[in-house]
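# Reading the structure
One-letter residues, chain by chain:
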Amino acid sequence: MCEHLEVSNFGAFYIETNGKKRRVTLGKCDSCDAFLTLDSQVVPKNDIIAEARTVKENMRTIVTQVNSDLYDRILDIIEDERVGDDPSKIMTELIGLGLHHYSRIHKKDLRKEIEIPTA
C-alpha cells in the first residue's frame, strides 16, 4: 500500500461526491498516480469530472477548514448565484463582507471597553 510520500502536479479539479459537484485542489502521488486532496484523502479517479482551468490575475489562494454546515451553505450560495466555473468571485465577496462585519463588531467592542462611565 502506497504511503503517498511524494505528491506533485497540484491542480484544480471538479469532482462529484454524494451527488454534489464541487471544485477542489488535488495533487497526484508520484508513486501510485492516485489523486489526493490537500489533507491526503484519496479521490477515486471516477469521481473526477474534469480539470478546472481558469486564468486569474492578482489572486491568491488560501486553504481553510470549515465545518460541514458552513461548507454546504457556501456551496448553496455558489449554486444559487450560478457562477459556473468561477466561484472565486463569490468567495472573495463572502470573505470581504465577513472581514467588513468582523472589523465593525471588533471596533465596536473596543470602544465599549474604552468608554468611561459618567456618574
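Our subject is the structure listed above.
A few points on the structure.

About the criteria used
Residues numbered from 1 in each chain as written. Predicted model: local features only at pLDDT ≥ 70, side-chain atom pairs only at ≥ 80, totals over all residues. Heavy atoms only, no water. Pairing = 2+ DSSP bridges. Helix = DSSP H or I, 4+ residues; strand = E, 2+ residues; numbered from the N terminus. Salt bridge = Lys/Arg side-chain N within 4 Å of Asp/Glu carboxyl O. Polar contact = N/O pair within 3.5 Å; in protein donor to acceptor, adjacent residues only side chain to side chain. Contact = heavy atoms within 4.5 Å. Patch = residues over 30% accessible without salt bridge, like charges linked within 9 Å, V, L, I, M, F, W, Y side chains within 5 Å. Areas by Shrake-Rupley, 256 points an atom, 1.4 Å probe, with all protein chains shown as cover. Buried < 20%, exposed > 50% of the residue type's maximum accessible area, 1.4 Å probe, protein only. Core = buried A, V, L, I, M, F, W, Y, C linked by side-chain atoms within 4.5 Å. Expected span 1.5 Å × (residues − 1). Arc of directions from axis to C-beta. Disulfide = S-S within 2.5 Å.

## A closer look at the sheet that holds strand E2 (residues 20-29)
The five strands lie next to each other as E4-E3-E2-E1-E5, forming an open sheet whose pairing is antiparallel. On the outer flanks of this sheet lie strand E4 (42-43) and strand E5 (48-51), each paired with one strand and no other. Summarising the sheet, strand E3 (residues 35-36) and E4 pair through two bridges and their orientation is antiparallel. Across the sheet, the residue bridging to leucine 36 is valine 42, located in E4.

## Section: the pattern of salt bridges
Two side chains of opposite charge can pair, provided their charged atoms sit close to one another. Inspection of every chain in the model, using the stated rule, returns one salt bridge. As a salt-bridge pair, arginine 73 and aspartate 69 come within 3.6 Å of each other at their nearest N and O atoms. Taken together, the residues span about one helical turn, with arginine 73 and aspartate 69 both in helix H1 (residues 68-81) at a distance of four residues.

## Details of the side chain of threonine 37
Within the element layout of this structure, threonine 37 appears in the loop between E3 and E4. Here the side chain of threonine 37 touches aspartate 39 through a polar contact of 2.3 Å, side chain to side chain. Threonine 37 has contacts with Thr25, Leu26 and Val43, leaving out every residue within four places of it along the chain.

## Comments concerning a nonpolar patch on the surface
Nonpolar side chains collect at one region of the surface, where Phe10, Leu38 and Val63 lie side by side and expose about 320 Å² of accessible area between them. Along the chain, leucine 38 turns up in the loop between E3 and E4. For leucine 38, a relative accessible area of 45% gives the class partly exposed.

## Side note on the nonpolar core
Within soluble globular proteins, side chains that are nonpolar generally end up buried alongside one another. By size, the foremost hydrophobic cluster in this structure holds seven residues: Phe13, Ile15, Val24, Leu26, Phe35, Val43 and Ile48. If near-sequence neighbours (up to four positions away) are discounted, phenylalanine 35 is found in contact with Phe13, Leu26, Gly27, Lys28, Gln41, Val42, Val43, Lys45 and Ile48.

## With respect to H1
Between its first and last C-alpha atoms H1 spans 20 Å; for 14 residues at 1.5 Å apiece the expected length is 20 Å, and the two agree. Those residues of H1 lying buried are Ile74, Leu75 and Ile78. Around the axis of H1, the buried residues are gathered within 100° of arc, so they sit on the same side. Away from its buried face, by an angle of more than 90 degrees, H1 presents the exposed residues Glu79 and Asp80. One or two steps after H1, the chain reaches arginine 82, where phi turns positive at roughly 50°.

## What to know about the state of the cysteines
Tallied over the entire structure, the rule returns zero disulfides. With no disulfide of its own, cysteine 32 lies 3.7 Å from the sulfur of cysteine 29, the closest cysteine sulfur.

## With respect to unusual backbone geometry
Despite not being glycine, asparagine 18 shows a phi value in the positive range, around 55°. Considering the arrangement of structural elements, one finds asparagine 18 in the loop between strand E1 (7-17) and E2. Taking the relative accessible area as the measure of exposure, asparagine 18 reaches 81% and is therefore exposed. Of note in this structure, serine 40 is not a glycine but carries a positive phi near 65°. Following the sequence through the fold, serine 40 ends up in the loop between E3 and E4.

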